[in-house]
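The residues making up each chain are set out below.
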Amino acid sequence: MTATPDLRTPQLASADLLRSVFRRHAAGVAVITAGGEGGPVGFTATSLTSVSAEPPMLSFSIGTGASSWPAVSETEHLGVHILGEHQRELAATFARSGADRFGAPTVWREGPEGVPVLDDVLAWLVCRVVARVPAGDHRIVLAEVVMGDPEGPGRPLLYHQGRFGGLRD
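These remarks concern the structure in this document. (Residues numbered from 1 in each chain as written. Predicted model: local features only at pLDDT ≥ 70, side-chain atom pairs only at ≥ 80, totals over all residues. Heavy atoms only, no water.)

## Notes on unusual backbone geometry
For clarity, the cut-off: A run of H or I in DSSP counts as a helix once it spans at least four residues, and a run of E counts as a strand once it spans at least two, with each numbered from the N terminus.
The omega angle of the peptide bond from Glu54 to Pro55 is 0°, so this bond is cis rather than trans. At the junction of Ala104 and Pro105, the peptide bond is cis and its omega measures out at 15° in the coordinates. Relative to the assigned elements, Pro105 resides in the loop between helix 3 (88-95) and strand 7 (108-110). If you check the backbone angles, Asp120 has positive phi at about 65° while not being a glycine. Position of Asp120 relative to the elements: it lies in the loop between strand 8 (116-118) and strand 9 (123-135).

## What about a nonpolar patch on the surface?
Filter applied, for reference: Distance thresholds for patches are 9 Å for like charges and 5 Å for nonpolar side chains (Val, Leu, Ile, Met, Phe, Trp, Tyr), applied to residues having over 30% relative accessible area and no salt bridge. Here, Shrake-Rupley sampling with a 1.4 Å probe gives the accessible areas, and only protein chains in the shown set may cover a residue. When a carboxyl oxygen of Asp or Glu is within 4 Å of a side-chain nitrogen of Lys or Arg, the pair counts as a salt bridge.
A surface patch of nonpolar side chains, amounting to about 310 Å² of accessible area, comprises Leu18, Val21 and Phe22. Relative to the helices and strands, Phe22 resides in helix 1 (residues 15-23).

## Details of the nonpolar core
Threshold: For the purposes of this section, nonpolar cores are sets of buried Ala, Val, Leu, Ile, Met, Phe, Trp, Tyr and Cys residues that join through side-chain atoms within 4.5 Å. Burial here depends on accessible area, computed with a 1.4 Å probe over protein chains only, as a share of the maximum for the residue type. Under 20% is buried, over 50% is exposed, and the range in between is partly exposed. The contact criterion used is simple: two residues touch if any of their non-hydrogen atoms lie within 4.5 Å.
Core analysis: the biggest nonpolar cluster contains 17 residues, and Ile32, Phe43, Phe60, Ile62, Val72, Leu78 and Val141 have the highest contact counts within it. If you list the elements that add at least two residues to this core, you get strand 2 (30-36), strand 3 (39-45), strand 5 (56-63), helix 2 (69-74), strand 6 (77-82), strand 9 and strand 10 (138-149). With residues near it in sequence (within four places) discarded, Val141 still touches Leu58, Ser59, Phe60, Ile62, Val72, Leu78, Val129, Ala131 and Arg132.

Right, here's the structure in full:
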């Protein structure tokens, strides 16, 4: 059996190529929160990754130009929230530049270590930041899990092709 040749010409590396490829990669949706000098901050992240079980550790990336970066760059603890498919609007709010992310209808409370904890999520964690690793125009944040709640009801929210959606059976 012979392989069918791919007649498309590959593109050279660029930001557009990377974005185009990762639009095709379905990812879970999380919101990262932290306390800031001017109040709570947060952003939508699809870069959340489990790093280590012992100790329990995760990572995510954040752009150094993001409005949340100044607080994330200095905080000792932050919140990680796994969103459910019923939270498309919440994900969009935390992804929107200039939005009042913690105003109504967002429901949240101050949680352990002063971390803003969002209500009605599938799961949440409070984590201690252990490293911020430079990676181009972003930083990869490594954080050790301190505590959390994995028991929220629902199904996960996904991000694919520039849109939020749910799983299909």
